[in-house]
Each structure stands twice: as structure tokens, then as C-alpha cells.
Amino acid sequence: MSNRRNFLTGVGAIAGAVGAASVSKVAMAALPEPVVQTKPDTAGPLAPPTGRPYNPVVTLNGWTAPWRMKDGVKEFHLVAEPVVREMAPGFKAHLWGYNGQSPGPTIEVVEGDRVRVFVTNKLPEHTSIHWHGQRLPNGMDGVGGLTQPTIQPGKTFVYEFVARRPGTFMYHPHGDEMVQMAMGMMGFWVTHPKGRHPLIDEVDRDFVFLLNAYDIEPGAYTPKIMTMTDFNIWTFNSRVFPGIASMNVRHGDKVRIRVGNLSMTNHPMHLHGHEFVVTGTDGGPTPRSTRWHEVTTDIAVGQMRQIEFLADEEGDWAFHCHKSHHTMGAMGHDVPTMIGVDHRGVAKKISQLVPDYMVMGERGMADMGEMEMPLPDNTQKMMDGRGPFGGLEMGGMFTTVKVRRGQKRGDYADPGWFRHPQGTVAYEFGGALPEPARAGGTAPGKLPSAAGAPAAKDVEVRVRKPASGHGSH
Ligand SMILES: [Cu+2]
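For clarity, every value in this text was computed on a predicted model and none was experimentally measured. (Residues numbered from 1 in each chain as written. Predicted model: local features only at pLDDT ≥ 70, side-chain atom pairs only at ≥ 80, totals over all residues.)

1. A word on the overall build of the chain
- Counting its secondary structure elements, the chain contains 3 helices and 25 strands.
- The proportion of buried residues among the 473 residues of the chain is 39%.
- Contacts in the chain between residues at least 24 apart in sequence constitute 73% of all its contacts with a sequence separation of at least 6. (Helix = DSSP H or I, 4+ residues; strand = E, 2+ residues; numbered from the N terminus. Buried ≥ 20, exposed ≤ 12 C-beta atoms within 10 Å, placed from the backbone. Contact = placed C-beta atoms within 7 Å.)

2. Description of the environment of M87
- Checked against the element boundaries, M87 lands in strand β5 (residues 73-88).
- For the pair M87 and G243, spaced 156 residues apart in the sequence, the C-alpha separation amounts to 6.5 Å.

3. Here's the deal with the nonpolar core
- Membership of the largest hydrophobic core comes to 84 residues, with the highest contact counts inside it found for A80, V119, M170, W189, F207, I233 and V401.
- Excluding residues within four positions of it along the chain, A80 makes contact with W96, Y98, V119, N121, K122, L123, T127 and M185. (Core = buried A, V, L, I, M, F, W, Y, C linked by C-beta atoms within 7 Å.)

4. Describing the pairing of strand β12 (residues 187-192)
- Taking burial as the measure, the 6 residues of β12 include 6 buried ones, the bulk of the element.
- The side-chain alternation of β12 yields two buried faces, one formed by G187, W189 and T191 and the other by F188, V190 and H192.
- Relative to β12, strand β7 (residues 107-110) runs parallel, the two sharing 4 bridges. From the neighbouring strand, E108 faces β12, where its bridge partner is V190.
- Of the strand pairs in this sheet, strand β11 (residues 167-172) and β12 are connected by 5 bridges, and their pairing is antiparallel. Note that in β12 the partner of T168 across the bridge is V190. (Pairing = 2+ DSSP bridges.)

5. Here we look at the sheet that holds strand β22 (residues 315-321)
- Read from one edge of the open sheet, 5 strands run β15-β25-β22-β17-β20, paired in mixed fashion. The open sheet is flanked by β15 (247-250) and β20 (296-299), the only strands paired with a single partner. Strand-to-strand twist of the sheet, defined as the mean angle between neighbouring strand axes without regard to direction, takes the value 20°. (Axes fitted to C-alpha atoms, helices over the stretch in contact; angles between N-to-C directions.)

6. With respect to the environment of P137
- In this structure, P137 sits in the loop between β9 (130-132) and β10 (156-162).
- Of the residues examined, P137 has 11 C-beta atoms within 10 Å and is grouped as exposed.
- Separated by 25 residues in the primary sequence, P137 and V162 have C-alpha atoms spaced 9.2 Å apart.

7. Describing the sheet that holds β12
- Pairing is mixed across the open sheet formed by 4 strands, whose spatial order is β7-β12-β11-β9. Looking at which strands have only one partner, the edges of the open sheet turn out to be β7 and β9. On average, adjacent strands in this sheet sit at an angle of 25° to one another, irrespective of strand direction.

8. Let's talk about unusual backbone geometry
- Going from S102 to P103, the amide bond is cis rather than trans, its omega being -5°.
- Position of P103 relative to the elements: it lies in the loop between β6 (91-98) and β7.
- Residues F241 and P242 are joined by a peptide bond in cis, for which omega reads 5°.
- Positionally, P242 belongs in the loop between β14 (233-236) and β15.
- Even without being a glycine, N61 presents a positive backbone phi close to 50°.
- By the element assignment, N61 lies in the loop between β3 (58-59) and β4 (68-70).
- For N99, which is not a glycine, the phi torsion comes out positive at approximately 55°.

9. A few points about the environment of R116
- Relative to the helices and strands, R116 resides in strand β8 (residues 114-121).
- Distance in space between the C-alpha atoms of R116 and E75 is 4.8 Å, their sequence separation being 41 residues.

10. Here we look at the pairing of strand β13 (residues 205-214)
- Counting buried positions over the 10 residues of β13 gives 10, a clear majority of the element.
- Neither face of β13 is exposed, since R205, F207, F209, L211 and A213 on one face and D206, V208, L210, N212 and Y214 on the opposite face are all buried.
- As paired strands, β13 and strand β16 (residues 253-261) are joined by 7 bridges and run parallel to one another. Bridge assignment links D206 to a residue of β16, and that residue is R256.
- As paired strands, β13 and β14 are joined by 4 bridges and run antiparallel to one another. Paired with A213 across the two strands is W234, which belongs to β14.

11. Points about the confidence of the model for the chain
- On average, the chain scores 83 in pLDDT, and the residues at 70 or more come to 77%.
- When the criterion is pLDDT under 50, residues 1-27 qualifies, and its contacts beyond four places in sequence or with other chains add up to 48 contacts.
- Under a pLDDT of 50 for its full length, residues 332-338 has, in the predicted model, 15 contacts with residues more than four places off or in other chains. (pLDDT = per-residue confidence, 0-100.)

This is the structure we're talking about:
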């Protein structure tokens, strides 16, 4: 077990809290001890100590729940509880999650396993867990009020079913769902195939994470729970760049990345430098005839996609949501477009009155990533993270796939920034700049009028950056 794992066995005294549900006599026996993770680090793969073998996944800034084997049944214990999640260094959020973290631990089982999950509710309100995508008895589906009574605070329920089909799944509450998912309650579930599967290839690396979003005001610690679309913190597994771990692989590795979307909008996920195929959805593996190469795949709300590619180009390759405002951090929505506006005079006057005054975005917004504007405590910088060449100007759903020849098989350690071979980095041109030829000899800054046409009144259009009121992300 990786030494980065820091398991505390905090919640010991809940035996006897078994509540209303009585699934079987076995289920009424002592509960397995819940395992709690207090750090947001990426834990190494958890090789299965019992049960059938499989190639474990690695959860970005997360971990896999250990289990107890009891009479041939894999028993897990999830504790729904308030947690403190470090979203990035210097930025903590008060969320709800499972076993010390949001998202909760990844559950890994094998096709055909009988699984029993004890769910203890330590939240101030009722909850339930829905096992998204699973084939199971209706009464185990976890929809509060529809298929079971909700789990009241202090109570423990038992879910039990056979993991019937291999694939990529999620779990989340189905009781006060909008609030509880806005607070971070969710987790990943992987059912590995029990043997060779015609549509599931063996891979060298298998990463998983969830897309989620929060509305946390600068300086606040707790997400706003009534937000429907206007979220401002865009996360992989409740982490924002530069807090998101890189995916470190060996040159030549076959890599699988499984992504589930439990935010309230779609995310076109984009990989640099390689083409991938979508090999599975929450419905299972895709038929080979449906797979084509692409570099971006859109993941709608409530969907999962698993992508696969051969990591055969060395370097630090960006992997991010292609909605550009989803790779940025908490920002006010009322920043006007100031590009091209010279307000030095005004700024000077204001700064005599307000010493810290800064004008936002006079030359674009790139300056804002590095500027020393005072921020409230516990606020994510809007665009943070430094690379080997300077600021990355990314603050949300962004990470890298680091492909290295020197990476050992099975080694997930961060190799640091890529050292580019000499002569392979874009460089500044040092020669003289010729005047660009412009149609009709129009002066720079003016739109050329149609060739030959009499000079009509020029129409100038200015592009306005989306400011307030972009409610439909
Ligand atoms: Cu996005």
C-alpha cells in the first residue's frame, strides 16, 4: 500500500446503529470498519488483497475503498458526512461527502461479485445512495421515497446486489439530490470484467475521476446550494488546477481515462497530442464498429465516457474541458470588457483615493493570473498555476498527461516538467518584420472596404466578453 495513504480509522463506535433495513441476518452482523481518508492526494492503485484479480484503477486526487470479504461477499462501508476538501493549496471548501472526502472513495469490484454496502448517515438530514448505471433489484436502486425510505440521520442502511455487468459507474444520493450533489456527494464505481472480454482491452494505466461544479463566493467556505446553472468553481474530483494531479504514464503505455459528469452542464473533454477512441459509456463497452478517433468528446450531464489511447508522444499534454470559462476559477460575472480601453488617467485618479485599485483586463485577462490584487482569504485565484515557461492561466478543469520514456512500469510518481529536446520549443523570431500586405492598402485598425466599391461608412464591431447574465453554462 502506498505510503501516501493516510488511513485513519476514526468512526469506530457505530456498531449497533444498524437501522430500519433488515436485508438479511448476515447484514445485521457487525459492520465493517469504515476507512477514512483525510488527504486529497492521489493514492496509488489498490491491488486486490482478496477476491478475484483485476488491474486496479487510479482515482485522481482520490482513492479506492478497501473492503472486507465476508462469506464470499465484498463488504464496503460508506459514511455520508460533512468533510473539509482542499480544492487547491490555500483553498478549502466545507462540503458533504463520504469517508472524509468529496468525492467519496472509488468502489472497485469484479463482474459477478456479490457486493454489500453499508451506508451510515452522519449528515444533518436524510439521504440515500443511487448506484448509477447498475443492473440490480429495484429495491436496491436507492431512490428515496420510490424504492426505499430515506436514510435518516444516525441510521445505517444496507444495499446488496450482484455487480452484473462490467463497466464504469457512479454513485450519488437520490434524496434532496440538488442540495447534496451541490455539496459534493458522489463517488466512482468500476466493475472490472471477470476475464478476457471481447470489448474490454487490457491497459497499462486506468485513471478515473468525476466532473463536478460548485458555487462558492470568494472568501466563503460553503457552496451555495440553490444554484442551478451559474456555478463558478469547475472541478475534477472536487479539485481545481493547479490542485489536480497529473496523469503520469510511460511512453508506449495504453492509457484509459474514465470520466463521469455529475455537474449540471456538459463538458467537452479535450486531449492534446494524441487521438483517442471512446471505448465505453455508462451503458457498457462500445461495439468496436462504433469507435472512431477524435481529440474531444462531450460528456453530458449524468453521462460517463471512457477513452483510450496509446501514449506514444513524450511531453506534458494538456487534458481539459474545452469550455474556456471552465478552466478558470472564481470570477466576478460583472467584469466589463476593457480590452483596448485606455483608462490610465482614470485609474491614476482612483488610486489616489483607493491605493489598491487595479483595472481589470486592459490587455485581455492574462494579467489577472499573476497580478497581486488583494483577495479575500480562502479564495481560489482566478487563473493560477505555473509551468516551466510561466503562468498557465488555468484555474479549473485542467490537468496534464505526462508521457515519459523514463517512467517505470506501474510508477505513478510525478516526473516533473518535461525537458524538451533542443530545438523543439516554439521560439521568438529574431529577424526584421516586413509590413504585412493589406488588401486595398487600408490603414491598420480599419476594416478593409470591399475592393473597388466606393468607401462606404465603415462599420466597426467590438466583441464583448460574456459578462453578467450568462446563466446557461
Ligand atoms: Cu466544462
